[in-house]
Amino acid sequence: MKNIASLVRPAVRKMAGYTPGQQPAPGSQVIKLNTNENPYPPSPAAVRALEQALADGDRLRLYPPPTSSSLRQAAADCYGLRAEQVLAGNGSDELLRIVLDTFVDPGEKVGFLEPSYSLYPVLIQLRGAAAVPCPFDWRQPEQMPDLEGIKLFFLTSPNAPYGIAFSNKFIKELAARLDGILVVDEAYADFAAGNALELLAACPNLIITRTFSKSYALAALRIGLAFASPEIIGEMDKARDSYNLDYLAQTAAAAALGDQEYLQATLARIRETREFFQRELQHMGFTVCPSATNFLFCWPPAGLSAAGLYRFLADRQILVRYFAAPPLDRGLRISIGTREQMATLLTVINQFIAEEDKPDGYR
Ligand code: PMP
């Protein structure tokens, strides 16, 4: 018998792997506010493009365009860049992996704010690199982290799971101080008032990543984009799978980019609901982190347990995200759904608050 465990790379054997938010079976009647998906459908133009693509079944015999050329050009046109400054990925998760494969050797140090996106340390460990978490206090967000010896730094802006956006002044200074690559993960930037795109010209070590999973409502298709200098993109291009985006994903993404009017209308609805939901939570005594995203991080009023509220909601078919490890364990991250979904959630939270003798599981 071969001992498989002894054959596994120690870095992989030691790691726990990433735990995604719960994904209930399609068709189940839950209000799903746990993985920051868009509550509205994608652009009808994207859906039409997919229908047309599928109408010609014979197209599926062939490999997709290997460099996602039309999508890269569409993105360049949309964001005022050149196509050589754009790379398409199988979700932005793949792009995060590609930047590590391109720039980081085993043993090198990779920094990120803690807490932020919990996939970073997993990808860093997988690369055999050293994960360097830098403590992040949401009340003083723009503290410069210690960048000594850091080869690559992941900054999520706006931050997840708190939702706070960093200023371009701070990002520019971080890029200048860093003796390595700065990756600004802008998964949620479409929901914010600004973004770091204008810094690309001034910061040669900057890479910006975006996703179609949130603002464009195409999470099922796995599409991400990276923006950087032609030199960086050229190197990253060598480190991706040869056909990393399937034909349907490329088709839908290009069509979605072409319908900015729909995107802006959807974003406006989500921002409006976010402001409404924040006000209501504050009236109920919650502390709410100011958010530039499609989710809110909030802490229940004194005497109420976040874990208990999470279970109370889950038992009533409402899924939100609870992170059991400190410093997040006293709060909840709640995605912004439709106005009706948020109103239902508020009603159930009120029931939780009103229930005086809570059973053990809700305390
Ligand atoms: N970055 C952050 C900060 C995220 O929250 C997520 C989604 N969980 C991603 C990247 C990944 O996005 P994608 O679906 O494009 O892989």
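This text follows the structure it describes.
Along each chain, residue indices are assigned from 1 in the same order as the chain's sequence is written. For a predicted model such as this one, the threshold for reporting local features is a pLDDT of at least 70, and the threshold for listing and counting side-chain atom pairs is 80 or more; totals across whole chains, interfaces and linings nevertheless cover every residue. Based on all heavy atoms of the structure, the side-chain values leave hydrogens and waters out of the count.

**Describing the pattern of salt bridges**
Put simply, the rule reads: Whenever a carboxyl oxygen of Asp or Glu lies within 4 Å of a side-chain nitrogen of Lys or Arg, that contact is scored as a salt bridge. Secondary structure elements are taken from DSSP: a helix is a run of H or I of four residues or more, a strand is a run of E of two residues or more, and numbering for both begins at the N terminus. Only protein chains enter the accessibility calculation, which uses a 1.4 Å probe; a residue is then buried when its area is under 20% of its type maximum, exposed when over 50%, and partly exposed in between.
Counted according to the given criterion, the structure contains 13 salt bridges. Between Glu-235 and Lys-238 there is a salt bridge, with its nearest N and O atoms 2.8 Å apart. Of the two residues, Glu-235 and Lys-238 are both situated in helix α8 (residues 230-238); the distance of three residues between them amounts to about one turn of the helix. Residue class for Glu-235 comes out partly exposed when judged on its relative accessible area of 38%.

**Description of the site of the ligand**
Where we set the bar: We call a residue near a given molecule or strand whenever any one of its heavy atoms falls within 4 Å of it. Polar contacts here mean pairs of N or O atoms no more than 3.5 Å apart (in protein, one a potential hydrogen donor and the other a potential acceptor; neighbouring residues in sequence count only if both atoms are side-chain atoms). Under this grouping Gly is polar, as are all residues other than the nonpolar Ala, Val, Leu, Ile, Met, Phe, Trp, Tyr, Cys and Pro and the charged Asp, Glu, Lys and Arg.
Not every one of the 13 residues close to the ligand is listed here, only the nearest: Ser-92, Asp-185, Thr-211, Ser-213 and Arg-222. Arg-222 places a side-chain nitrogen or oxygen 2.7 Å from an oxygen atom of the ligand. Among the elements that take part in the shell around the ligand, helix α5 (residues 91-103) stands out by supplying three residues, more than any other. Tallied by class, the residues present in the shell around the ligand amount to four nonpolar, five polar and four charged.

**What to know about the pairing of strand β2 (residues 86-89)**
We count it as follows: At least two bridges found by DSSP between two strands is the condition for calling them paired.
Every second residue of β2 is oriented toward a common face, with Val-86 and Ala-88 on one face and Leu-87 and Gly-89 on the other, all of them buried. Examined bridge by bridge, β2 and strand β8 (residues 224-227) share four bridges and lie antiparallel to one another. Following the sheet pairing, Gly-89 is matched in β8 by Gly-224.

**What to know about the nonpolar core**
For clarity, the threshold we go by: Put simply, a nonpolar core is a bunch of buried Ala, Val, Leu, Ile, Met, Phe, Trp, Tyr and Cys residues held in one set by side-chain atoms that sit within 4.5 Å of each other. Domain start and stop points were drawn from an automatic or database domain assignment. Between two residues, a contact is recorded if the distance between any of their heavy atoms is within 4.5 Å.
Residues Phe-153, Leu-182 and Phe-277 are the most contacted members of the largest nonpolar core, which totals 91 residues. There are two domains that each give this core at least three residues, and those are domain 1 (4-41 + 261-362) and domain 2 (44-259). When residues no more than four places from it in sequence are discounted, the contact partners of Leu-182 are Phe-153, Leu-155, Ile-171, Leu-174, Ala-175, Asn-205, Leu-206 and Ile-207.

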